[in-house]
Amino acid sequence: MSHVDAQSLHVAVLYPDLLNLYGDRGNARALERRCEARGIEATVTGVDIGDEWSPEDADIVLVGGGQDREQRRVQADLERRGDDLRQYVDDDGVVLAVCGGFQLFGHHYRGWDGEVMPGIGLFDAVAAHPGPKIARCVGNVVVLWEGETVVGFENHGGRTYLNDNQAPFGDVVTGFGNNGGDGLEGARVKNAFGTYLHGAVLPKNPHLADRLLALALERRYGPDSADLAPLDDSAARKAHAEALHAALSTSESALGRRFA
């Protein structure tokens, strides 16, 4: 058995039945498939409210998006896990937090009705919904991340604002991003990534999926394990290109209407 065949990764999905807007659970499946194609054993575990679980049992932690009512349902349980999750990230643990999960991984989220939901403060950011009469941030989005494009779909009422020393996930090429004003999308702390991109985001962005896998393998097995074998990503690259074209075409069309 080769060294690669002996490798394994454990992916934990927080609240998979409640925080799963626009197919966010597909992020776990994408990671699982990419592991399987490389002979890496992948185990995916759902973590629900009240479950006995430690982030140290995981190599990658995923959390998806949900509406305000779902965020309220998970908030207290997530808050009690906050110390463990922050320690996990301090120890270079890998996290992908999407939309509602991203908001609750900041300091707090103020919902559309004014109720403030405390977050776990993993990201130095706050989020707030401007109210039900304000249009949501909806549409295709393109982000420039580490010299490459990441594509996805955003649909969020809340706006996220990063504090001065908080690094974003990337820069908005087209779309709204965190708040539709500062040109920033998501947040990053060490190996933890927050983003508003649904889709699910990883199947359309295999380079991002592989970054998460490489970081997790390096943490568990050492730097030599981060060199992943290439895969046939023709289908994923096609999906990425089509999403990129749709987003940029929509942006150009909107710009044309604006100045017509």
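Our subject in this report is the structure included herewith. Model, not experiment: these values are computed from the prediction. (Residues numbered from 1 in each chain as written. Predicted model: local features only at pLDDT ≥ 70, side-chain atom pairs only at ≥ 80, totals over all residues. Heavy atoms only, no water.)

**Here's the deal with the overall build of the chain**
And step 1. Secondary structure summary: the chain contains seven helices and 14 strands in total.
And step 2. Relative to its length of 260 residues, the chain is compact, with a C-alpha radius of gyration of 18 Å against a globular reference of 18 Å.
And step 3. When its C-alpha atoms are laid out on the principal axes, the chain stretches across 65 × 40 × 35 Å.
And step 4. Counting over 260 residues, the chain shows a buried share of 50%.
And step 5. Of all intrachain contacts in the chain linking residues separated by at least 6 positions in sequence, the fraction that spans at least 24 positions is 70%.
And step 6. By element, 49% of the accessible surface of the chain is carried by carbon and sulfur atoms, the whole surface being about 11,800 Å².
And step 7. Distance between charge centres in the chain, computed from 25 positive and 39 negative side chains, equals 7 Å. (Helix = DSSP H or I, 4+ residues; strand = E, 2+ residues; numbered from the N terminus. Rg over C-alpha atoms; globule rule 2.2 N^0.38 Å. Buried < 20%, exposed > 50% of the residue type's maximum accessible area, 1.4 Å probe, protein only. Contact = heavy atoms within 4.5 Å. Areas by Shrake-Rupley, 256 points an atom, 1.4 Å probe, with all protein chains shown as cover. Lys, Arg positive; Asp, Glu negative; His and termini not counted. Charge placed at Lys NZ, Arg CZ, Asp CG, Glu CD.)

**Some words on a nonpolar patch on the surface**
And step 1. Side chains of L144, V173 and L248 sit close together on the surface and give an oily, nonpolar patch of about 220 Å² of accessible area.
And step 2. For L144, the position within the fold is in strand β8 (residues 137–145). (Patch = residues over 30% accessible without salt bridge, like charges linked within 9 Å, V, L, I, M, F, W, Y side chains within 5 Å. Salt bridge = Lys/Arg side-chain N within 4 Å of Asp/Glu carboxyl O.)

**A closer look at unusual backbone geometry**
And step 1. Residue A200 is reached from G199 by a cis peptide bond, and omega for that bond is -10°.
And step 2. Here A200 is to be found in the loop between β14 (192–195) and α5 (201–204).
And step 3. In the Ramachandran plot, Y15 falls in the positive-phi region, its phi being about 55° despite a non-glycine side chain.

**Overview of the sheet that holds strand β5 (residues 108–110)**
And step 1. A sheet is described by the order of its strands in space; here four strands give the open sequence β6-β5-β7-β10, paired in mixed fashion. Lying at the two open borders of the sheet, with one neighbouring strand each, are β6 (116–118) and β10 (159–162). The average undirected angle you get between the axes of adjacent strands in this sheet is 20°.
And step 2. In terms of strand pairing, β5 meets strand β7 (residues 125–128) through three bridges, oriented parallel. For H108, the partnering residue across the bridge sits in β7 and is V126.
And step 3. Packing of helix α2 (residues 68–80) onto the sheet brings it into contact with β5 and β6, and relative to β6 it is tilted by some 35°. (Pairing = 2+ DSSP bridges. Axes fitted to C-alpha atoms, helices over the stretch in contact; angles between N-to-C directions.)

**Regarding the nonpolar core**
And step 1. Residues L14, I60, F105, F123 and L202 are the most contacted members of the largest nonpolar core, which totals 63 residues.
And step 2. Here this core gets eight residues from one element, more than from any other, and that element is helix α6 (residues 206–221).
And step 3. With residues near it in sequence (within four places) discarded, I60 still touches H10, V11, A12, L31, Y88, V94, L212, L213 and A216. (Core = buried A, V, L, I, M, F, W, Y, C linked by side-chain atoms within 4.5 Å.)

**A word on the pairing of strand β3 (residues 60–63)**
And step 1. By the alternation rule, side chains of β3 split into I60 and L62 and V61 and V63, which are all buried.
And step 2. In terms of strand pairing, strand β1 (residues 8–14) meets β3 through four bridges, oriented parallel. When the bridges of β3 are listed, A12 appears paired with V61.
And step 3. In this structure, β3 lies alongside strand β4 (residues 94–98), joined through four bridges in parallel fashion. Within β4, the residue paired with V63 across the bridge is A97.

**Brief notes about empty space enclosed by the protein**
And step 1. Following the criterion strictly, the structure yields one cavity of 30 Å³ or more and no others.
And step 2. The volume enclosed by the largest cavity comes to roughly 60 Å³.
And step 3. Among the elements of the structure, α1 (26–37) and β3 are those that each provide at least two residues to the lining of the largest cavity.
And step 4. When its residues are assigned to classes, the lining of the largest cavity shows six nonpolar, three polar and two charged. (1 Å grid on protein atoms, 1.4 Å probe; cavity = no way out; pocket = protein on both sides within 12 Å on 5 of 7 lines; lining within 4 Å. Points joined across faces, edges and corners; volume = space filled by probe spheres on them. Nonpolar A, V, L, I, M, F, W, Y, C, P; charged D, E, K, R; others polar.)

**Topic: helix α3 (residues 82–90)**
And step 1. Within α3, the full set of buried residues consists of G82, L85, Y88 and V89. End-on view of α3: buried residues confined to an arc of 125°, all on one side of the axis.
And step 2. Residues of α3 that are buried sit in contact with β3, α2, β4, β13 (187–189), β14 and α6.
And step 3. After α3 finishes, the residue D92 shows a positive phi value of roughly 75°. (Arc of directions from axis to C-beta.)

**Let's talk about the environment of V13**
And step 1. Along the chain, the position of V13 falls in strand β1.
And step 2. Each C-alpha atom, one on V13 and one on D113, is 28 Å from the other, the two residues being 100 residues apart in sequence.
And step 3. In this view, V13 contacts A28, V44, T45, G46, V47 and L62; residues no more than four positions away in its chain are not counted.

**Quick word on the packing of α1 against α6**
And step 1. The contact between α1 and α6 brings their axes to 10 Å, and the two run at 75°. Judged on the interaxial angle alone, α6 and α1 are roughly perpendicular. Between α1 and α6, the contacting residues are L31, R34 and C35 on the first element and P206, A209, D210 and L213 on the second.
And step 2. Along the lines of polarity and charge, the residues of the contact of α1 with α6 split into five nonpolar, no polar and two charged. (Parallel < 35°, antiparallel > 145°, perpendicular 65-115°, else oblique.)

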